[in-house]
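A structural walkthrough
Residues per chain are reported as follows:
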Amino acid sequence: MRFNDDKDFSACGIFGIMDRAGRRFSGKLIVEAMSLMKVRGNGLGAGFAVYGLYKKFKDYYALHVMLDNKDVKEKVYNYISQNFDIVYEDEIPVNDKANVVDPPKFVRYFVAPRKRGTEKSLSDDDYVIKKVMYVNRHIDGAYIISSGKNMGVFKGVGFPEDIADFFMIEEYRGYIWTAHTRFPTNTPGWWGGAHPFSILDWTVVHNGEISSYGTNKRYLEMFGYYSTLKTDTEVMAYIFDLLMRRQGLPIEVVAKILAPPMWEEIERMPEKERNFYKALRMVYSPLLVNGPWAVIVARHGEMFGLTDRIRLRPLTAAEKGSLFMISSEEAPIRYLFPKVDKVYTPYGGEPIVARLER
Amino acid sequence: MSLAGIVNPYLERVRPIKDLAEYVKVEGEVAEINARDLTHKEVNDLIRECVIRGARKIILRNVFGQRFIGTRLALNGIKVEIEIHGIPGNDLGAFLAGHRIVVYGNAQDGVGNTMDSGEIIVHGRAGDVVAMSMRGGEIYIRDTVGYRAAIHMKGYMERNPVLVIGKTAQDFLGEYMAGGRVIVLGIGVDRHKARYIGTGMHGGKIFIRGKVEEYQLAKEVTFGELDKEDWKFLEEKVGKFCEYFNCDKDELLGDNFTAIIPKSKRPYGALYSGE
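The sections below set out a description of the structure shown in this document.

What counts, and at which threshold
Residues numbered from 1 in each chain as written. Chains lettered and ligands numbered in written order. Predicted model: local features only at pLDDT ≥ 70, side-chain atom pairs only at ≥ 80, totals over all residues. Heavy atoms only, no water. Contact = heavy atoms within 4.5 Å. Buried area = accessible area lost by both parts, 1.4 Å probe. Salt bridge = Lys/Arg side-chain N within 4 Å of Asp/Glu carboxyl O. Helix = DSSP H or I, 4+ residues; strand = E, 2+ residues; numbered from the N terminus. Nonpolar A, V, L, I, M, F, W, Y, C, P; charged D, E, K, R; others polar. Phe/Tyr/Trp six-rings, centres within 6.5 Å; stacked < 30°, edge-to-face > 60°. Buried < 20%, exposed > 50% of the residue type's maximum accessible area, 1.4 Å probe, protein only. Lys NZ or Arg CZ within 6 Å of the ring centre and 35° of its normal. Pairing = 2+ DSSP bridges. Axes fitted to C-alpha atoms, helices over the stretch in contact; angles between N-to-C directions. Core = buried A, V, L, I, M, F, W, Y, C linked by side-chain atoms within 4.5 Å. Parallel < 35°, antiparallel > 145°, perpendicular 65-115°, else oblique. Left-handed = near helix turned anticlockwise from the far one by under 90°.

Here we take up the interface of chain A and chain B. The interface is formed by 36 residues belonging to chain A together with 34 residues belonging to chain B. In total, about 3,200 Å² of surface goes out of reach between chain A and chain B, with carbon and sulfur atoms giving 52% of it. Counting the contacts that link chain A with chain B gives 5 salt bridges. Contributing elements (two or more residues each) for the side of chain A that touches chain B: helix H8 (263–267), helix H10 (331–336) and strand S17 (342–344) of chain A. Tallying contributions element by element places H10(A) first for the side of chain A that touches chain B, with 3 residues. The residue inventory of the side of chain A that touches chain B, partitioned by class, reads 17 nonpolar, 8 polar and 11 charged.

In structure tokens:
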């Protein structure tokens, strides 16, 4: 039987694991966790984000470029070499024997910005975003799917085990890992549309669908973020970059922008709080993320989980020593660690936050 | 879009029954299954096969997220007991036909989905949509449940499903509830935090021990009085809960319960018929 009719069993599975003490570990753990949630995906997308894997080049932006079109490599190289100093480049090593169909080529460049003229007023991060957007919008068949320092995204079409096998995920080591298995319902299952979605060192894996995608996307365009990957989740990565990196808001506030309390709840609050929440809802109404969703978001030093305000998608958190896990289901957590210190599921719209211990 | 890569994850890797013998140990009427490396379908195929061959008690060990355990067992009125060690997956006991399931661990989402009859006992917590569309039988959860417990639970004549929750529930408890009874015992809980209790509810009753404010109720429900029948019912079900989880029934029953009942049997009638 094939799911080629209109009826879909939307699920998607997400998992994140962080060592808050900063110790790095192999991708083997997260691949095991994902294989326990096999039925949450249908083989049309999976991916991994890993933090702390490029120690040798940790001061350079690592651009992972997906080349959907084999002739485009030179064009991409020319553009990148004109705008950045490339300190190292290679093809991302892959296992040709892995069970994937028609993979695109993946190359990576470790770069430092080479700003000229008026661009000198941009921060390095803003400069990188501008260049990533240019490649994704204007170089046909080339997509920069990951652009942070000392982190990387590996994703494609297949089950998590297949994508892990293809990119040899178990060889990499990091202190934060997030992963996704996809069950696409209304956007294509293609390599660029697999999760995680990423900009700079932000990554997002998502289960659900974003009904407000159009509104969110148009609002983000005013700030120079353009969605090119044909999947709703992409806006999430840009929202977090805009609100948290550029505007400096903490996740506790950002959660209330994406998943705000209902108006009637705001009416019951004490005056000061009420005014604050009213202001948030008015100023940021185009960034309310509507629909059923659960996400795991990471950047260097922190990982957090968040769901829509009425929790239409599941999310469970667990702690074991310095390890922090967030998952669609409890089973993979217990499979890795039968005994954990704490396991809990917060209310919709309340963020679950793990931070690096300093 | 090419369909070449699409795989049904429920059927992939499923081995025929004859290749699964090493996972089962049978002693008299008791069959013990090691589920560690088994897929959803393999676990359920094995349970069914064991019952057909005469097993009346199934012990499942190393369960990690396998779904639908206890489904597909409507076999000429045969009743079995299924003991689960580990974390059963979503839709535990879906369509359950008179069997008894006891879980030593937490359960995930959809416990007792459209359950017909029988009993599910969870020595731990359960996730979202517990007792969804349940139409008969009883579910006992020792700790908390997630969102939308008892969503569209229903009752008819002698069919009256029961859900008993030891601690507390999250939002939308009893959403669109059409019948049956839910008891929330609030053990060790200062304050129930659930919002939108009984959204769209139009049948059945919810009994909550501990404080619930008016604003936590949806507009389709109201507080009601408990009558003699209700207290008799509570005494029986709370008694059973305490027997399973070893707590003091009199202490629980001594406290005040609040009943939550629907304002109307047909809250949305006017939406469609213009009445």
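Following the structure, the description resumes.
It is worth spelling out the packing of aromatic side chains at this point. According to the stated counting rule, one finds 29 aromatic pairs over all chains in the structure shown. Pairing Phe276(A) with Tyr277(A) gives two aromatic rings, centres 5.5 Å apart and planes at 80°, and the pair type is edge-to-face. Here the aromatic rings of Tyr10(B) and Phe68(B) are separated by 5.7 Å at their centres, their planes lie at 40°, and the arrangement is tilted. Placement of the pair is Tyr10(B) in the segment before strand S1 (24–27) and Phe68(B) in the loop between strand S3 (57–64) and strand S4 (81–87), with a sequence separation of 58 residues. Using a relative accessible area of 25% as the deciding quantity, one classes Tyr10(B) as partly exposed. Classification of Phe68(B) by relative accessible area gives partly exposed; the value is 28%. Here the aromatic cluster, defined as three or more aromatic residues joined through ring pairs, consists of Phe106(A), Phe154(A), Phe166(A), Phe167(A), Tyr172(A) and Trp191(A). When the ring centre of Phe197(A) is taken as origin, the NZ or CZ atom of Lys155(A), which lies over that ring, is 4.3 Å away. The ring of Tyr344(A) carries the charged tip of Lys342(A) above its face, separated from the ring centre by 4.9 Å.

Moving on, we come to the sheet that holds strand S5 (residues 84–91) of chain A. Residue and element names in this part refer to chain A. Taken in spatial order, the 4 strands line up as S5-S6-S4-S7 in an open sheet, and their pairing is antiparallel. Every other strand in the sheet has two partners, leaving S5 and strand S7 (142–146) as the edge strands with one partner each. Shown here is a sheet whose adjacent strand axes are inclined to one another by a mean of 30°, direction ignored. For strand S4 (residues 61–67) and S7, the ladder comprises 4 bridges, and the chain directions are antiparallel. Looking across to S7, one finds that Leu67 is bridged to Ala142. Those strands touched by helix H3 (residues 124–138) are S4, S5, strand S6 (105–113) and S7, and its axis lies near 145° from that of S7.

Let us look at the nonpolar core. If you look at the biggest cluster of nonpolar residues, it comprises 100 residues, and the most contacted ones within it are Phe15(A), Phe48(A), Phe240(A) and Leu258(A). Per-element tally for this core: the top contributor is helix H6 (residues 234–246) of chain A, with 9 residues. Ile33(B), Ile69(B), Leu73(B) and Met134(B) belong to the second largest nonpolar core, which has 57 residues in total.

A few words now on the pairing of strand S8 (residues 151–156) of chain A. Residue and element names in this part refer to chain A. Counting buried positions along S8 gives 6 out of 6 residues, so the element sits mostly inside the fold. Of the two faces of S8, both are covered, the one formed by Met151, Val153 and Lys155 as well as the one formed by Gly152, Phe154 and Gly156. Here 6 bridges tie strand S3 (residues 46–51) to S8, and the two strands are oriented antiparallel to one another. Among the inter-strand pairings, Gly47 is bridged to a residue of S8, identified as Lys155.

Turning to the environment of Lys97(A), a few remarks are in order. Residue and element names in this part refer to chain A. Among the secondary structure elements, Lys97 is positioned in the loop between S5 and S6. Owing to a relative accessible area of 79%, Lys97 belongs among the exposed residues under this scheme. When the C-alpha atoms of Lys97 and Met236 are compared, they prove to be 34 Å apart, with 139 residues separating the residues in sequence.

Before going further, it helps to examine the packing of helix H7 (residues 251–258) of chain A against helix H9 (residues 271–283) of chain A. Residues and elements named next belong to chain A. Orientation of H7 relative to H9, taken along the N-to-C sense of each, is 60°, at an axis distance of 9 Å. On the basis of their axis angle, the class for H7 and H9 is oblique. For the pair H7 and H9, the sense of crossing is right-handed. Residues Val253, Lys256 and Ile257 of H7 form the contact with H9, whose participating residues are Phe276, Tyr277 and Leu280. The residue inventory of the contact of H7 with H9, partitioned by class, reads 5 nonpolar, no polar and 1 charged.

Residues and elements named next belong to chain A. Within the open sheet, the 5 strands sit side by side as S11-S12-S13-S14-S18. Their pairing is antiparallel. Looking at strand neighbours, the two that pair on one side only are strand S11 (197–199) and strand S18 (352–355), the edges of this open sheet. Neighbour to neighbour, the strand axes of the sheet diverge by 15° on average, direction disregarded. For strand S14 (residues 302–307) and S18, the ladder comprises 4 bridges, and the chain directions are antiparallel. Paired with Gly305 across the two strands is Ile352, which belongs to S18. Against the sheet, H6 engages S11, strand S12 (202–208), strand S13 (293–299) and S14, with an angle of about 135° to S12.

Let us look at the packing of H6(A) against H7(A). All names here are of chain A. One way to put it is that H6 packs onto H7 with a least axis distance of 11 Å and a crossing angle of 130°. As judged from the angle between their axes, H6 and H7 are oblique. Note on packing geometry: the crossing formed by H6 with H7 is right-handed. Facing Met236, Ile239, Phe240, Leu243 and Met244 of H6, the residues of H7 in contact are Ile251, Val254, Ile257 and Leu258. For the contact of H6 with H7, a count of residues per class yields 9 nonpolar, no polar and no charged.

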